[in-house]
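Chain by chain, the residues run as shown.
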Amino acid sequence: MGRKPPIAAAATEPDHAQKSATPDDLHIKSRNRYFARESIERRRWIGGDPFASAFFNALSVTFPKGETFFIDSLRKFRNQVPPKLQGEIRAFIQQEATHSREHHCFNEHLIDCDLDISRLEQTIADVVNGIRARPEIAHLVATMCIEHITAILAAEVIANPKHFENADEHQRNLWLWHASEEVEHKGVAYDTWLYVTRDWNPLKRWFVRSLFMAKITLGFTINRTKGVIDLLRQDGISGFRAWTGLARYALVGPAPFRRTLWPLVQFFKPGFHPWDIDDRDLIRLAESEYEAAIMVAETDSAELSTLDDRRKPEPLKKVA
């Protein structure tokens with residue numbers, strides 16, 4: 001993202017001695033916004049681009065079930081961690097619950113646009129149920145891995161204005177808000193993992209998280225690609241055109257896959273921590289943008305209301 005990552009102390013220590021690199025002054029807060037109440041006027045809500053729209057639509061379908069799973073995963077360990085981390089988990093749960101609610105509304109609007117998302121929903125349900133069948137520590141490491149993928153995608157869409165440059169305003173605000181909070185709580189699942197596995201052999205810790213990330217990255221890429229292709233087919237784009245268009249979008253144009261590859265690879269290094277890169281400036285950037293849009297909308301609404309009042313005819317005077 002054009003910034004040289006600071007060298008955090010945690011990144012230079014062996015895994016068995018690793019400490020959290022989460023900034024001491026980080027305050028995680030739930031903003032409880034209501035963006036998704038606004039209907040989606042068109043399937044191709046990102047400037048008429050079918051590939052960009054299908055990419056984010058497919059991603060949105062994963063959030064309600066996925067984030068409910070993240071909440072359940074961290075809640076199991078909340079009473080096992082120090083008080084500060086307990087508070088961060090509580091804030092994480094509040095944020096994720098709101099994300100789930102808003103994307104449920106967003107997904108309902110996709111259905112109103114005559115998109116069948118049932119196959120995409122079944123895919124994420126199968127993945128989540130498969131992980132739930134495993135031991136609780138597997139739930140935690142899976143959550144930690146997926147949270148890292150989500151956080152680096154979030155940082156990318158905030159840092160690169162091209163992603164939502166021509167997007168419909170209400171949807172753009174939703175995604176910027178969501179992205180800012182994903183960046184803000186990106187270390188919570190990882191810090192929980194560090195604490196819960198603090199007595200593990202360092203090689204075992206590294207091997208388990210790396211193996212999970214490799215599997216989850218492969219599954220995430222395959223399933224999201226299938227989801228995008230499914231949505232494109234429903235939008236009249238299929239076959240060679242669909243595959244080449246998606247490849248061009250994901251790897252050449254805005255390139256959300258290519259541009260997040262290096263941050264993804266960083267996860268595999270010993271001593272890694274999500275806050276090795278302090279990108280809180282992106283939180284402030286995204287928040288200022290959607291806050292400004294909300295203020296403008298509220299002002300316009302108030303002015304329109306005043307104008308409407310002025311246009312109302314005065315009551316007719318009774319003529320004797």
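Residues numbered from 1 in each chain as written. Predicted model: local features only at pLDDT ≥ 70, side-chain atom pairs only at ≥ 80, totals over all residues. Heavy atoms only, no water.

Engineer: Help me understand the environment of Ser 30 in this model?
Structural biologist: Tracing the chain through its elements places Ser 30 in the segment before helix 1 (50–75). The spacing of Ser 30 and Gln 94 is 64 residues in sequence and 6.0 Å in space, taken between C-alpha atoms. Excluding residues that lie within four positions of it along the chain, Ser 30 makes contacts with Gln 94, Gln 95, Thr 98 and Glu 181. (Helix = DSSP H or I, 4+ residues; strand = E, 2+ residues; numbered from the N terminus. Contact = heavy atoms within 4.5 Å.)

Engineer: Whenever I open this one, the nonpolar core confuses me. Can you help?
Structural biologist: A general trend in soluble globular proteins is that nonpolar side chains are found buried together. Grouped together as the largest cluster of nonpolar side chains are 85 residues, with contacts concentrated most on Trp 45, Phe 56, Phe 164 and Trp 175. Broken down by element, this core gets its largest block of residues, 14 residues, from helix 4 (residues 136–159). Once residues lying within four places of it in the same chain are set aside, the contact partners of Phe 164 are Trp 45, Ile 46, Phe 56, Val 157, Arg 172, Trp 175 and Leu 176. (Core = buried A, V, L, I, M, F, W, Y, C linked by side-chain atoms within 4.5 Å. Buried < 20%, exposed > 50% of the residue type's maximum accessible area, 1.4 Å probe, protein only.)

Engineer: I keep staring at the packing of aromatic side chains and nothing clicks. Help me out?
Structural biologist: Both the distance between ring centres and the angle between the ring planes are used here to describe each pair of aromatic rings. Applying the stated criterion across every chain yields a total of 17 aromatic pairs. Taking the centre distance of 5.1 Å and the plane angle of 85° together, the rings of Phe 55 and Phe 56 count as edge-to-face. Accessibility classification places Phe 55 together with Phe 56 in one group, the buried group. Relative to Trp 175, the ring of Phe 63 lies with its centre 6.0 Å away and its plane at 55°, an arrangement referred to as tilted. Taken together, the positions of Phe 63 in helix 1 and Trp 175 in helix 5 (residues 169–184) put the pair 112 residues apart, joining distant regions of the chain. On the basis of relative accessible area, Trp 175 is assigned to the buried category, the value being 6%. Within the aromatic cluster, the residues linked to one another by ring pairs are Trp 45, Phe 55, Phe 56, Phe 63, Phe 106, Phe 164, Trp 175, Tyr 249 and Phe 257. Note that Lys 186 overlies the ring of Trp 275, its terminal NZ or CZ placed 4.4 Å from the centroid. (Phe/Tyr/Trp six-rings, centres within 6.5 Å; stacked < 30°, edge-to-face > 60°. Lys NZ or Arg CZ within 6 Å of the ring centre and 35° of its normal.)

Engineer: What am I meant to see in a nonpolar patch on the surface here?
Structural biologist: A surface patch of nonpolar side chains, amounting to about 340 Å² of accessible area, comprises Leu 261, Trp 262 and Val 265. Residue position: Leu 261 is located in helix 10 (residues 261–266). (Patch = residues over 30% accessible without salt bridge, like charges linked within 9 Å, V, L, I, M, F, W, Y side chains within 5 Å. Areas by Shrake-Rupley, 256 points an atom, 1.4 Å probe, with all protein chains shown as cover. Salt bridge = Lys/Arg side-chain N within 4 Å of Asp/Glu carboxyl O.)

Engineer: How should the pattern of salt bridges be read in this particular structure?
Structural biologist: Note on pairing: side chains with opposite charge can pair once their charged atoms come close. According to the stated counting rule, one finds 18 salt bridges in the structure shown. Among the ionic pairs, Asp 25 bridges to Arg 280, the shortest N-O distance being 2.8 Å. Here Asp 25, found in the segment before helix 1, pairs with Arg 280, found in helix 11 (residues 280–311); they are 255 residues apart in sequence, far enough to count as distant. Residue Arg 280 is classed as buried on the basis of its relative accessible area of 18%. The partner of Glu 102 in a salt bridge is Arg 101, and the shortest N-O contact between them spans 2.9 Å. Taken together, the shared-partner salt bridges connect Arg 31, Glu 181, Glu 184 and Glu 287 into one network.

Engineer: Explain unusual backbone geometry here, please?
Structural biologist: Outside of glycine, negative phi angles account for most residues, and trans bonds account for most peptide bonds. A positive phi angle, near 65°, is found at Asp 114, a position not held by glycine. Along the chain, the position of Asp 114 falls in the loop between helix 2 (83–112) and helix 3 (118–132). A relative accessible area of 63% means that Asp 114 is categorised as exposed. For Ala 255, which is not glycine, the phi dihedral falls at a positive 55°. Looking at the element boundaries, Ala 255 is found in the loop between helix 8 (239–251) and helix 9 (256–259). Owing to a relative accessible area of 0%, Ala 255 belongs among the buried residues under this scheme.

Engineer: Even after reading the chapter, I still don't get helix 1, so can you show me in this structure?
Structural biologist: With 26 residues, helix 1 extends 38 Å from end C-alpha to end C-alpha; this agrees with the ideal 38 Å at 1.5 Å per step. In helix 1, a bend of some 40° at Phe 63 exceeds every other bend along the element, and Pro 64, a proline, comes one to four places later. Burial analysis of helix 1 places 22 of its 26 residues in the buried class, the great majority of the element. Its side-chain oxygen at 2.9 Å from the backbone nitrogen of Phe 51, Asp 49 defines the N-terminal cap of helix 1. (Expected span 1.5 Å × (residues − 1). Bend = angle between axes of the 7 residues up to and from the residue. Polar contact = N/O pair within 3.5 Å; in protein donor to acceptor, adjacent residues only side chain to side chain.)

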